[in-house]
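# Residue-level structural notes
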Amino acid sequence: MLRETKHLMTETDTRKLTESDAEVTFVGRSNSGKSTLINALCQKKNMARVSQVPGKTRTINVYEVKPYRWIVDLPGYGYAVGSKLGKAEFGPMIEEYLTTRNNLCMVFVILDAVAGPTNLDISMISWLVHNSSPFKIIVNKIDKVGPSKLDVRKKEIADELMVDTADIFWISSKKKIQIEPLQKLIATLLGV
Ligand SMILES: Nc1nc2c(ncn2[C@@H]2O[C@H](COP(=O)(O)OP(=O)(O)OP(=O)(O)O)[C@@H](O)[C@H]2O)c(=O)[nH]1
Ligand SMILES: [Mg+2]
């Protein structure tokens, strides 16, 4: 479905991005697993760069599923070294990207199952609601929560976010748990 995805461009300036027909993006805390998830979705080992060190993705990385149909990997927030936080707290590059892309059809907000929603995640979600941006919440790294504790953890996170557990994608990018429903949604959103 998303297997033919290729790296298209890397930019530090959102104004240099060309037009797409449809794009989806991933935002979240640094180290929440955005790049790992993009690789899992596209069945790649090393297309998007992953690291043990937070702050790996410092640029906007565009991956092309089909011509003009994009998956965009953004820098993580909450990793302030070398970057001044902007007024929306998650950095000017992210905010500019989110406000200028005409064909952005979904923002996936990735949370870490162990860390749960941080203040920055909550402010990102509030910002998206406020700006009427379509978004979905993904909780990644569920493999790090013991199977016996998973249901309780899901309820805790959903309650903190004031949503239903069924409204969240619960996944593990590393162990490839529940990747397929997300692949299908992205393929539909991008019309591929
Ligand atoms: N256990 C576990 N580890 C994961 C999972 N997804 C990602 N990781 C690990 O989390 C670390 C960070 O992953 P990245 O994909 O680089 O995270 P990122 O959100 O792109 O980080 P930045 O680029 O810094 O914003 C790496 O060591 C990954 O192997 C998961 O589902 N389970
Ligand atoms: Mg990354």
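These lines cover the structure that appears in this document, whether it is placed above or below.

The rules behind each value
- Residues numbered from 1 in each chain as written.
- Chains lettered and ligands numbered in written order.
- Predicted model: local features only at pLDDT ≥ 70, side-chain atom pairs only at ≥ 80, totals over all residues.
- Near = placed C-beta within 6 Å.
- Helix = DSSP H or I, 4+ residues; strand = E, 2+ residues; numbered from the N terminus.
- Nonpolar A, V, L, I, M, F, W, Y, C, P; charged D, E, K, R; others polar.
- Buried ≥ 20, exposed ≤ 12 C-beta atoms within 10 Å, placed from the backbone.
- Arc of directions from axis to C-beta.
- Contact = placed C-beta atoms within 7 Å.
- Pairing = 2+ DSSP bridges.
- Axes fitted to C-alpha atoms, helices over the stretch in contact; angles between N-to-C directions.
- Core = buried A, V, L, I, M, F, W, Y, C linked by C-beta atoms within 7 Å.
- Expected span 1.5 Å × (residues − 1).

## With respect to the site of ligand 1
Within the structure, ligand 1 sits among 24 residues, and Gly33, Ser35, Thr36, Thr57 and Gly76 are positioned closest to it. Considering every element that reaches the shell around ligand 1, the biggest residue donor is helix α1 (residues 34-41), with three residues. Here the shell around ligand 1 is built from residues that sort into three nonpolar, 15 polar and six charged.

## Here we look at helix α2 (residues 92-100)
It helps to recall that an α-helix has 3.6 residues per turn; residues three or four apart then point in one direction. For α2, the complete set of buried residues consists of Met93, Ile94, Tyr97 and Leu98. For α2, the arc enclosing every buried residue in end-on projection is 125 degrees, short of the 170-degree limit, so these residues lie on one face. Contacts from the buried residues of α2 go to β2 (22-28), β3 (60-66) and β5 (104-112).

## A closer look at unusual backbone geometry
With the exception of glycine, the majority of residues adopt a negative phi angle, and the majority of peptide bonds are in the trans configuration. At Gln43, a position not held by glycine, the phi torsion is positive, near 55 degrees. Relative to the assigned elements, Gln43 resides in the loop between α1 and β3. Residue Gln43 is classed as partly exposed on the basis of its 15 C-beta neighbours within 10 Å. Within the chain, Lys176 stands out as a residue other than glycine whose phi angle is a positive 55 degrees. Here Lys176 lies in the loop between β7 (168-170) and α5 (179-190).

## Quick notes on the sheet that holds strand β6 (residues 135-140)
Spatial strand order, β1-β3-β4-β2-β5-β6-β7: seven strands in an open sheet with mixed pairing. The strands lining the two open edges of the sheet, one partner per strand, are β1 (6-11) and β7. Each neighbouring strand pair of the sheet contributes to a mean axis angle of 25 degrees, computed without reference to strand direction. Pairing of β2 with β5 involves six bridges; the strand directions are parallel. Bridge pairing in β5 links Phe26 to Phe108.

## A look at the nonpolar core
Core analysis: the biggest nonpolar cluster contains 43 residues, and Ile38, Ile94, Val109 and Val139 have the highest contact counts within it. Residue contributions to this core peak at five residues, all from β5. Contacts of Val139, omitting those with residues within four sequence positions, involve Leu111, Ala113, Ile157, Ile168 and Trp170.

## Quick word on the environment of Ile171
Looking at the element boundaries, Ile171 is found in the loop between β7 and α5. A C-alpha to C-alpha distance of 17 Å links Ile171 and Lys44, two positions 127 residues apart in sequence. Contact partners of Ile171, with chain neighbours within four places excluded, come to Ile138, Asn140, Ile142, Ile177, Gln178, Ile179 and Leu182.

## Structural notes on α5
Relative to the 16 Å expected for 12 residues at 1.5 Å per residue, α5 spans 17 Å between its end C-alpha atoms, a close match to the ideal helical length. Directly after α5, the chain includes Gly191, whose backbone phi takes a positive value near 65 degrees.

## Things to note about the environment of Asp143
Note that Asp143 resides in the loop between β6 and α4 (150-161). Taking C-alpha positions, Asp143 is 28 Å from Leu128, a pair spaced 15 residues apart along the chain. Other than its neighbours up to four places away in sequence, Asp143 contacts Ser172, Lys174, Lys175 and Ile177.

All we've got here are geometric facts, nothing functional implied.
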